[in-house]
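# Observations on the three-dimensional arrangement
The primary structure of each chain is shown beneath.
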Amino acid sequence: MAIKLDAQTEAVLLDSLQRYCSQNFDEEIGGLKARLLLDFCVREIGPSIYNQAVRDAQAVMQEKIAEIDTNCYETEFSYWKKK
């Protein structure tokens, strides 16, 4: 599954990469270099981050499912026990 960024997110990331390189490497990079670097990061690093996010979401959902027994439980046949 290829990770696709929407145009607005991509534009913000490209601007951020250019700013980062300028401030931390004292090197101005143009739009093409920024795009190539972003494409590399999305292809190389993106899947690891995506997979970890899926694992994290699965863990949270499994915790919620485990809570169903205690949160969504009603005692059966309890009418006569109330008296």
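Figured I'd write up the structure that's included with this text.

Scoring rules and cut-offs
- Residues numbered from 1 in each chain as written.
- Predicted model: local features only at pLDDT ≥ 70, side-chain atom pairs only at ≥ 80, totals over all residues.
- Heavy atoms only, no water.
- Phe/Tyr/Trp six-rings, centres within 6.5 Å; stacked < 30°, edge-to-face > 60°.
- Buried < 20%, exposed > 50% of the residue type's maximum accessible area, 1.4 Å probe, protein only.
- Patch = residues over 30% accessible without salt bridge, like charges linked within 9 Å, V, L, I, M, F, W, Y side chains within 5 Å.
- Areas by Shrake-Rupley, 256 points an atom, 1.4 Å probe, with all protein chains shown as cover.
- Salt bridge = Lys/Arg side-chain N within 4 Å of Asp/Glu carboxyl O.
- Helix = DSSP H or I, 4+ residues; strand = E, 2+ residues; numbered from the N terminus.

### Topic: the packing of aromatic side chains
The geometry of two aromatic rings is summed up by the distance between their centres and the angle between their planes. Tallied over the full model, the rule gives 2 aromatic pairs. With centroids separated by 5.7 Å and ring planes inclined at 85 degrees, the aromatic side chains of Y20 and F25 adopt a geometry described as edge-to-face. Between Y79 and W80, the aromatic rings sit 4.9 Å apart at their centres with planes inclined by 85 degrees, giving edge-to-face as the arrangement. Y79 gets classed as exposed once you look at its relative accessible area, which sits at 52%.

### Re a nonpolar patch on the surface
There is a patch of nonpolar side chains on the surface, built from I3, L5, L13, Y50 and V54 and spanning about 350 Å² of accessible area. Structurally, L5 can be placed in the segment before helix 1 (7-25).

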